[in-house]
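# Examining the three-dimensional arrangement
The primary structure of each chain is shown beneath.
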Amino acid sequence: MNYYSLNKKAPSTSFKNAVIKGLAPDKGLYFPELISPLPKAFFNDIDNLSHSEIAFEAIKQFVSSDIPEDILKNIINETLSFDFPIVELNKNISTLELFHGPTMAFKDVGARFMAQCLGYFNQNNSNDVTVLVATSGDTGAAVANGFLGVKGVNVVILYPSGKVSDIQEKQLTTLGQNISALEVNGTFDDCQAMVKTAFLDDNLTSKMQLTSANSINVARWLPQLFYFMFAYKKLHNKYKDIVFSVPSGNFGNVCAGIMAQQLGLPIKHFIASNNENNVVTEYLTTQLYNPKPSVQTISNAMDVGDPSNFIRIQEIYKNKFETLKDNLSSFSFSDNETKAAMLEIYTNHNYIADPHGAVGYLGCKAYLEKNPNAHCVFLETAHPTKFLDVVEDVIKTKQALPQQIQSVMGKIKLATTISNYEEFKEYLLE
Ligand SMILES: *Cc1c(COP(=O)(O)O)cnc(C)c1O
């Protein structure tokens, strides 16, 4: 099974090549040529399957023979070595906690899977692959952690100086080995611009193999479909109409959920919950897609003005607006509404949500108004202590730091400061 470029001006290619390249030569995103639904028996029998067995059946057609089955099974076992609990708030709303991995955000799943695939593909290659990541926090941490110690792969993380939380900075800068951090005098947009310039710099790309580890990469995007299946396994005997509300930024996570549905997972509907960066909410209302510069919010991992994966969702629905609208709703919420929701969840359900999860909760409530019999699962995409300032300010309660976070706090920061592209390039060529 091959992947084609959504820009349709590049040849189709293998899983291996799509993972190594990240983006197609025509700058399009890769998309699988075929999505074959899993047999009905798989879903009927899901109660008897382990997480690893579910994941293996779901992903193997997308990896095809590029990775031998026993190695793919090992990669999956490694990727999924933590828990994915469901917490039921009431008969209509549950949350799927995706923050039990090493960096306490859902991106651990995709980053760990991609790291091991790339490590496998590059094991006998004398030239290292260099992964470039611009981050506003969570992506860099998950990628750094996932790639730590992977042979044949070097990771260079660019983050904006003074604009990531202390916890996130520690997660990015204290690992060492094959992970380097560049502290950029500038904004996240400056970091992203430097990475984009590097990919287009022939002088640089002729000297080194560069790739990207954000959700445009198929090996980071697709494994995110696993946990929709795990949630279904836990809930399907109790609830009939299961819907998911996904706090969305680049729309990789919700698009992975829709892929699970394409594989036959009986999900009734998806909700893309947005903060005030609401291009898609507006699109579903007006049918006009107008990318805008991002605005800063308290759910900052979703501050995206032009979501890169939305084009994949359009492809799944063959660019038919009505089909897309039947399967996906989108709502947008302000910071004040998000804080009120965090307080409501804490007061009424004795549960602490982070700002991203709270936006997902609001999406559930909005959907349930017109669909009172559904059971809505919102994704808790990060642990609340990753957003300590906001959380403690809203619920007026001190939070204990989990072990994963405590363990990095005492470590020493190692970062190189850069201010412009020339300095970045010089660093890479050294
Ligand atoms: C990245 C991220 C999101 C957004 O996910 P997308 O796949 O980009 O839509 C939501 N919440 C948290 C905590 C994140 O780190």
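Below is a summary of the structure that appears in this document. None of these values were measured; they are calculated from a predicted model.

### Focus: the pattern of salt bridges
- Scanning the model with the defined rule gives twelve salt bridges in all.
- For the salt bridge of E315 with K8, the shortest nitrogen-to-oxygen distance reads 4.0 Å. Linking E315 in helix α14 (residues 310-316) with K8 in the loop between β1 (3-5) and α1 (15-21), this pair joins segments that are 307 residues apart in sequence.
- By relative accessible area, which is 16% here, E315 ends up buried.
- With a shortest N-O distance of 2.7 Å, E344 and K365 are connected by a salt bridge. You can see E344 sitting in helix α16 (residues 335-349) and its partner K365 sitting in helix α17 (residues 355-370), a full 21 residues away along the chain.

### Quick notes on unusual backbone geometry
- Here the phi dihedral of K27 falls at roughly 70°; this positive angle occurs in a residue that is not glycine.
- Looking at the element boundaries, K27 is found in the loop between α1 and β2 (30-32).
- A positive phi angle is found at N350, which is not glycine, with a value near 55°.
- Here N350 lies in the loop between α16 and α17.

### Remarks on helix α11 (residues 226-235)
- The buried fraction of α11 amounts to eight of the ten residues, a majority that puts the element mostly inside the structure.
- Within the sequence span of α11, burial applies to F226, Y227, F228, M229, F230, A231, Y232 and L235.

### Looking at the sheet that holds strand β7 (residues 179-184)
- Judged by pairing direction, the sheet is parallel, and its five strands sit side by side in the order β8-β5-β6-β7-β13 without closing on themselves. Two strands lie at the open edges of the sheet, namely β8 (209-212) and β13 (416-418), each paired on one side alone. Between one strand axis and the next, the sheet turns through 30° on average, direction left out of account.
- Bridge count for strand β6 (residues 153-160) against β7 is six bridges, and the pairing is parallel. Counterpart to I157 in the pairing with β7 is A181.

### So, the nonpolar core
- Counting 103 residues, the largest nonpolar core has F15, F147, L225 and M229 as the members making the most contacts within it.
- The two domains that each donate at least three residues to this core are domain 1 (35-72 + 107-220 + 411-429) and domain 2 (84-106 + 221-402).
- Once you skip the residues sitting within four places of it in the chain, L225 turns out to touch A58, F62, A256, M259, A260 and L263.
- Membership of the second largest hydrophobic core comes to 30 residues, among which are F99, I271, V359 and A382.

### Quick word on empty space enclosed by the protein
- Counted according to the given criterion, the structure contains one cavity of 30 Å³ or more.
- Estimates place the volume of the largest cavity at around 30 Å³.
- Within the lining of the largest cavity, the residues separate by chemical class into six nonpolar, four polar and no charged.

### Looking at the sheet that holds strand β9 (residues 242-247)
- One open sheet holds the six strands; their spatial order is β3-β4-β12-β9-β10-β11, and the pairing between them is mixed. Edge positions in the sheet fall to β3 (86-88) and β11 (328-332), since each of these pairs with one other strand and no more. For this sheet the average axis-to-axis angle between neighbouring strands, irrespective of direction, equals 25°.
- Sheet topology places β9 next to strand β12 (residues 375-380); four bridges connect them, and they run parallel. Within β12, the position partnered with F244 by the bridge is V377.

### Brief notes about the site of the ligand
- Taken together, the neighbourhood of the ligand is formed by 15 residues, with K107, D138, G249, N250 and T381 sitting nearest.
- F251 places a polar main-chain atom, nitrogen or oxygen, 2.9 Å from an oxygen atom of the ligand.
- A distance of 2.9 Å is found between an oxygen atom of the ligand and a backbone nitrogen or oxygen belonging to N253.
- Its residues assigned to classes, the shell around the ligand shows six nonpolar, seven polar and two charged.

The rules behind each value
Residues numbered from 1 in each chain as written. Predicted model: local features only at pLDDT ≥ 70, side-chain atom pairs only at ≥ 80, totals over all residues. Heavy atoms only, no water. Salt bridge = Lys/Arg side-chain N within 4 Å of Asp/Glu carboxyl O. Helix = DSSP H or I, 4+ residues; strand = E, 2+ residues; numbered from the N terminus. Buried < 20%, exposed > 50% of the residue type's maximum accessible area, 1.4 Å probe, protein only. Pairing = 2+ DSSP bridges. Axes fitted to C-alpha atoms, helices over the stretch in contact; angles between N-to-C directions. Core = buried A, V, L, I, M, F, W, Y, C linked by side-chain atoms within 4.5 Å. Domains from an automatic or database assignment. Contact = heavy atoms within 4.5 Å. 1 Å grid on protein atoms, 1.4 Å probe; cavity = no way out; pocket = protein on both sides within 12 Å on 5 of 7 lines; lining within 4 Å. Points joined across faces, edges and corners; volume = space filled by probe spheres on them. Nonpolar A, V, L, I, M, F, W, Y, C, P; charged D, E, K, R; others polar. Near = heavy atom within 4 Å. Polar contact = N/O pair within 3.5 Å; in protein donor to acceptor, adjacent residues only side chain to side chain.

Without other data, these values stay purely geometric and don't point to any function.
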